[in-house]
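Descriptive structure summary
Chain residues, written in single-letter form:
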Amino acid sequence: MMKKSVKENILTAVKYIVLIGFAALCLFPMVWLFLSSFKSNTELFENPWGLPAAMQFDNYIQAIVEGKIFLYFGNSVIIAFTTVVVAVILSSMVSYAITRMDWKLSRMTLNIFLLGMMIPVYAMIVPLFTMFSKTGLLNTHAAVILPQIAVSFPMAIFILTGFMGSIPRELEEAAVIDGCSIYQIFFKVIVPISKSSLVTVAVVNFINVWNDLLLPQIFLTDSSKMTLPVGLTEFQGQYATNYVVEIAAVIITIIPSIIVYIWLHRNIMEGMVAGAVKG
Amino acid sequence: MKKIFGNKKSIAVFVLPAFIIYSVFVLFPIGYNIYVSLLRTDLMSPGRFIGLKNYENLLKDKVFVKALGNNVLMVIGSLIAHLPLALLFGNILFQKVKGSHFFQTVFFLPSVICGVAVGMTWTFIYNSEFGLLNKILSAIGRGDLQSAWLADKNTALLCIVFVVMWQFVGYHMVIQLAAMKNISPSYYEAAEIDGAGKWKQFTSITLPLIKPILKVDAVLIITGALKYYDLVAVMTGGGPNHASELMSTYMFYQGFRTLKYGYSAAIGVVLLLLCICSVALSNFVFGKEQADY
């Protein structure tokens with residue numbers, strides 16, 4: 001009896017060592033980056049491990065004033081916000097029609113949307129580039145927003161049809177008896193009870209759009225239009241040896257994602273793995 | 001009732017806006033891309049139809065073949081980290097560990113961080129002058145192993161593969177853990193009574209019951225590894241001398257740096273086919289199974 005508990009204790013200890021070790025490996029690069037963002041370049045070279053000698057914000061000031069990081073930040077906010085709002089509204093409307101309304105092609109429409117989950121964006125970028133350059137949309141935010149909305153549909157519709165399919169019929173029937181139109185049913189009955197799924201779709205979409213490099217890199221050439229990820233790659237060239245300013249810019253980029261993650265991590269984890277777990 | 005839920009006009013109002021956007025910006029470009037891949041074009045002057053010549057050239061293109069090989073290496077690295085390693089973490093957290101939710105949240109965190117920021121962070125860690133990796137090596141007395149990790153053609157790709165492994169372990173672990181939590185506890189209770197050990201329980205209950213999810217996850221891992229772009233674009237730009245080039249970065253280079261759009265479109269078609277094939281292949285290997293219990 002005694003022997004077994006010793007063995008179990010060792011096993012438990014090993015488990016925690018593995019878990020804590022990997023947790024440290026996950027957090028360490030970000031903590032190190034955060035501390036380094038307050039150092040000067042000489043300090044970074046001489047003392048890469050330790051705490052910064054003083055809390056000085058010079059790097060942030062330089063990234064904001066000279067590096068125009070707030071300009072990129074603003075562009076990212078405009079693009080992410082517009083994409084998320086439009087994508088959530090449109091995908092919830094389609095999902096409602098697919099799960100709750102009677103029409104012959106609903107199953108096929110769903111399948112056409114879901115097919116998009118396995119299509120890599122690389123199979124579309126050359127034609128999109130042609131389309132945007134012919135219509136003069138190249139180098140406008142719309143050139144990033146429109147394809148981002150379109151590629152967000154498959155996952156959004158997948159999650160939302162899953163949820164809306166499970167709403168009891170009675171709620172809508174009661175609303176019909178009360179004399180609601182279909183639009184009132186959708187906005188006053190369905191949207192409020194789907195809130196949690198809608199938040200999930202919105203945050204996952206936000207993270208994807210906020211982090212994306214490829215589309216803005218191709219469709220936005222003017223530096224005044226660029227988003228943060230593209231702006232960061234510009235920084236790499238511009239401040240090639242001024243590492244601490246680059247580090248400050250990286251911190252500014254990841255802070256919104258981390259805040260949203262701390263706030264809504266349950267929705268994010270649920271939404272990002274939904275495709276695999278329910279598929 | 002029927003009248004309200006079957007009204008053609010309101011169905012159109014609900015469906016058409018999204019469907020039109022989806023058709024114009026996803027479905028149409030895919031078809032058009034296949035057509036462009038049969039042309040020699042710079043998009044400014046009218047293209048010339050050259051049949052499958054772009055694809056023939058791809059096979060003869062040493063850099064493309066190298067990029068394809070690198071993607072295969074990426075797939076293998078991802079499979080190692082994101083199946084056995086993620087399963088190990090997932091299984092530990094499945095055994096009622098204190099702070100299980102905290103560990104999940106922390107492990108998952110890197111996968112929500114911008115790929116460009118992750119790439120730059122690791123570029124600093126691999127940096128030859130102040131990078132932590134070299135500092136660690138000299139601290140443990142193996143200063144002779146110090147290197148300019150990302151500038152060396154032998155190590156550049158491996159360093160990036162390591163970052164991919166690091167970044168997405170938690171993501172796949174959460175998928176697998178969610179599957180484990182769907183298993184009815186009564187199986188484990190029965191196994192305890194029969195005296196089956198933890199390992200036996202894992203191999204004869206957990207593993208077979210989460211197999212359908214592992215299949216889906218394997219597809220995600222493979223297609224994900226075919227689609228990586230940000231990390232390579234930021235950390236090495238495909239260099240040195242194309243040593244860490246992936247199909248995605250090479251496509252960007254051919255299309256938007258040397259303006260060979262037809263050639264670039266052909267790489268896009270190859271990527272599309274590989275993604276479809278990996279879905280089909282996994283259905284073939286694992287068999288079509290229902291993912292519910």
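For the structure itself, consult the block above.
Summarised in this report is the structure supplied together with it.

Conventions and cut-offs
Residues numbered from 1 in each chain as written. Chains lettered and ligands numbered in written order. Predicted model: local features only at pLDDT ≥ 70, side-chain atom pairs only at ≥ 80, totals over all residues. Helix = DSSP H or I, 4+ residues; strand = E, 2+ residues; numbered from the N terminus. Buried ≥ 20, exposed ≤ 12 C-beta atoms within 10 Å, placed from the backbone. Contact = placed C-beta atoms within 7 Å. Rg over C-alpha atoms; globule rule 2.2 N^0.38 Å. Core = buried A, V, L, I, M, F, W, Y, C linked by C-beta atoms within 7 Å. Nonpolar A, V, L, I, M, F, W, Y, C, P; charged D, E, K, R; others polar. Axes fitted to C-alpha atoms, helices over the stretch in contact; angles between N-to-C directions. Parallel < 35°, antiparallel > 145°, perpendicular 65-115°, else oblique. Left-handed = near helix turned anticlockwise from the far one by under 90°.

**Structural notes on the overall build of chain B**
When you go through chain B residue by residue, the secondary structure sums to 13 helices and 2 strands. Projected onto its principal axes, the C-alpha positions of chain B cover 80 × 75 × 35 Å. With 293 residues in all, chain B has 45% of them scored as buried. Across chain B, contacts joining residues at least 24 apart in sequence account for 71% of those joining residues at least 6 apart.

**What to know about the overall build of chain A**
Scanning chain A from terminus to terminus reveals 13 helices and 0 strands. Each helix and strand of chain A, ordered N terminal to C terminal, gives the series α-α-α-α-α-α-α-α-α-α-α-α-α. Computed over the C-alpha atoms, the radius of gyration of chain A is 24 Å, more than 25% above the 19 Å expected from 2.2 N^0.38 for a compact globule of 279 residues. Referenced to the eigenvectors of the C-alpha coordinate spread, the extents of chain A come out at roughly 75 × 75 × 35 Å. The buried share of chain A, reckoned over its 279 residues, is 46%.

**Concerning unusual backbone geometry**
For Asn139(A), which is not a glycine, the phi torsion comes out positive at approximately 70 degrees. Here Asn139(A) is to be found in the loop between helix H6 (125-135) and helix H7 (142-164). Residue classification places Asn139(A) among the partly exposed residues on the basis of 15 C-beta atoms within 10 Å. Of note in this structure, Leu259(B) is not a glycine but carries a positive phi near 60 degrees. Along the polypeptide, Leu259(B) turns up in the loop between helix H12 (247-256) and helix H13 (261-286). Assessed through the 13 C-beta atoms surrounding it within 10 Å, Leu259(B) is described here as partly exposed.

**Section: the nonpolar core**
The nonpolar side chains of a soluble globular protein tend to be buried, and buried together. All names here are of chain B. Counting residues in each nonpolar core, the largest one holds 177 residues, and the members touching the most others are Ile160 and Leu271. By residue number, the principal contributor to this core is helix H8 (residues 156-181), which donates 17 residues. Among residues more than four places away in sequence, those in contact with Ile160 are Leu231, Val232, Met235, Thr236 and Ser244.

**Brief notes about the interface of chain B and chain A**
Each side of the interface is counted separately: chain B has 78 residues, and chain A has 72 residues. In terms of residues, the side of chain B that touches chain A owes the most to one element, helix H2 (residues 8-36) of chain B, which gives 15 residues. Partitioning the side of chain B that touches chain A into residue classes produces 59 nonpolar, 13 polar and 6 charged.

**Quick notes on the packing of helix H4 (residues 69-100) of chain A against H7(A)**
Residue and element names in this part refer to chain A. Their axes nearest at 7 Å, the elements H4 and H7 cross at an angle of 40 degrees. As the angle between them shows, H4 and H7 are arranged oblique. The chirality of how H4 crosses H7 is right-handed. For the contact of H4 with H7, the per-class residue count stands at 14 nonpolar, 9 polar and 1 charged.

**Focus on the packing of H8(B) against helix H10 (residues 198-227) of chain B**
Pairs of packed helices are described in terms of their axes, by the angle between the two and the distance that separates them. All names here are of chain B. Contact geometry of H8 with H10 gives a least axis separation of 9 Å together with a crossing angle of 150 degrees. Comparing their axes, H10 and H8 come out roughly antiparallel. Here H8 and H10 pass one another in a crossing that is right-handed. Along the contact surface, H8 presents His172, Ile175, Gln176, Ala179 and Met180, while H10 presents Thr206, Ile210, Ile213, Asp217 and Ile221. Tallied by class, the residues present in the contact of H8 with H10 amount to 6 nonpolar, 3 polar and 1 charged.

**Some details on the environment of Ala123(A)**
Relative to the assigned elements, Ala123(A) resides in the loop between helix H5 (106-115) and H6. With near-sequence residues (within four places) excluded, Ala123(A) lies in contact with Ile30(B), Asn33(B), Gly268(B), Val269(B), Leu271(B) and Leu272(B).

**Focus on the environment of Ile160(B)**
Counting through the fold element by element, Ile160(B) comes out in helix H8. Spatially, the C-alpha atom of Ile160(B) lies 8.9 Å from that of Met74(B), the residues being 86 residues apart in sequence.

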